[in-house]
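Each chain is listed here by its residues.
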Amino acid sequence: MSGHPIRIAELAERLDALRRRLQELPPRAAALPLQEVEAVADLVAVAARPNWDYLGKRLEGIDSLVSVAAVDALPLHEIEELRGEARRAGERHRGRVDPGSLDEAMERLVRQRARERLQLPRVSTV
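Nothing here was measured: the structure is a model prediction, and the numbers come from that model. (Residues numbered from 1 in each chain as written. Predicted model: local features only at pLDDT ≥ 70, side-chain atom pairs only at ≥ 80, totals over all residues. Heavy atoms only, no water.)

Notes on the environment of P121
Then, number 1: For P121, the position within the fold is in the segment after α5 (99–117).
Then, number 2: With 103 residues separating them in the primary sequence, P121 and L18 have C-alpha atoms 5.9 Å apart.
Then, number 3: Aside from chain neighbours lying at most four places away, what touches P121 is A17, L18, R21, D63 and R115. (Helix = DSSP H or I, 4+ residues; strand = E, 2+ residues; numbered from the N terminus. Contact = heavy atoms within 4.5 Å.)

A look at the side chain of S124
Then, number 1: Tracing the backbone shows S124 in the segment after α5.
Then, number 2: Sequence-distant contacts of S124, defined by excluding residues within four places in its chain, comprise R14, L59, E60 and D63.

Focus on unusual backbone geometry
Then, number 1: The backbone of Q119 sits at a positive phi, close to 55°, despite the residue not being glycine.
Then, number 2: Within the secondary structure layout, Q119 lies in the segment after α5.

Section: the environment of N51
Then, number 1: Along the chain, N51 falls in the loop between α2 (27–46) and α3 (52–73).
Then, number 2: Looking at N51, its side chain comes within polar contact range of the main-chain nitrogen of D53, at 3.2 Å.
Then, number 3: Side-chain polar atoms of N51 contact the backbone nitrogen of Y54, separated by 3.1 Å. (Polar contact = N/O pair within 3.5 Å; in protein donor to acceptor, adjacent residues only side chain to side chain.)

A short note on the pattern of salt bridges
Then, number 1: Summed over all chains, the structure comprises 12 salt bridges.
Then, number 2: In this structure, the salt-bridge partner of E10 is R14, at a minimum N-O distance of 3.3 Å. With a gap of 4 residues between them, E10 and R14 both fall in helix α1 (residues 8–22), about one helical turn apart.
Then, number 3: Under the relative-accessibility criterion, E10 is labelled partly exposed at 28%.
Then, number 4: A salt bridge links D63 to R122, with the shortest nitrogen-to-oxygen separation between them at 4.0 Å. A residue pair is termed long-range when its members are at least 10 positions apart, and D63 in helix α3 and R122 in the segment after α5 qualify at 59 residues. (Salt bridge = Lys/Arg side-chain N within 4 Å of Asp/Glu carboxyl O. Buried < 20%, exposed > 50% of the residue type's maximum accessible area, 1.4 Å probe, protein only.)

Take it as geometry only, folks, not as evidence of what the structure does.
Pasting the structure below:
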């Protein structure tokens, strides 16, 4: 691995697994992250010596896009269920944490749970 957290072949496999899962989502939700996954997969396929810093930024961008797409892909009743779960989790911290930070944390939890529910793997190496 020579100092990199992941081998290029493993990264290609992760991207392929994510591509397959994204193709099962509604096109309106999956289009943008799918486009980015395919672009990065093309880079990985031809990279003998990848620029890991650049690649890492692109992978983090993919994970962000996928997290948003996961929420967009779920039916409204499931999103509301996840938001309710996040609100209940957040209530324990209300008054002890900055309200803006708490709202951001609750929204991250919703995205994380949506992603888990749809079994969308992460590709970022951090």
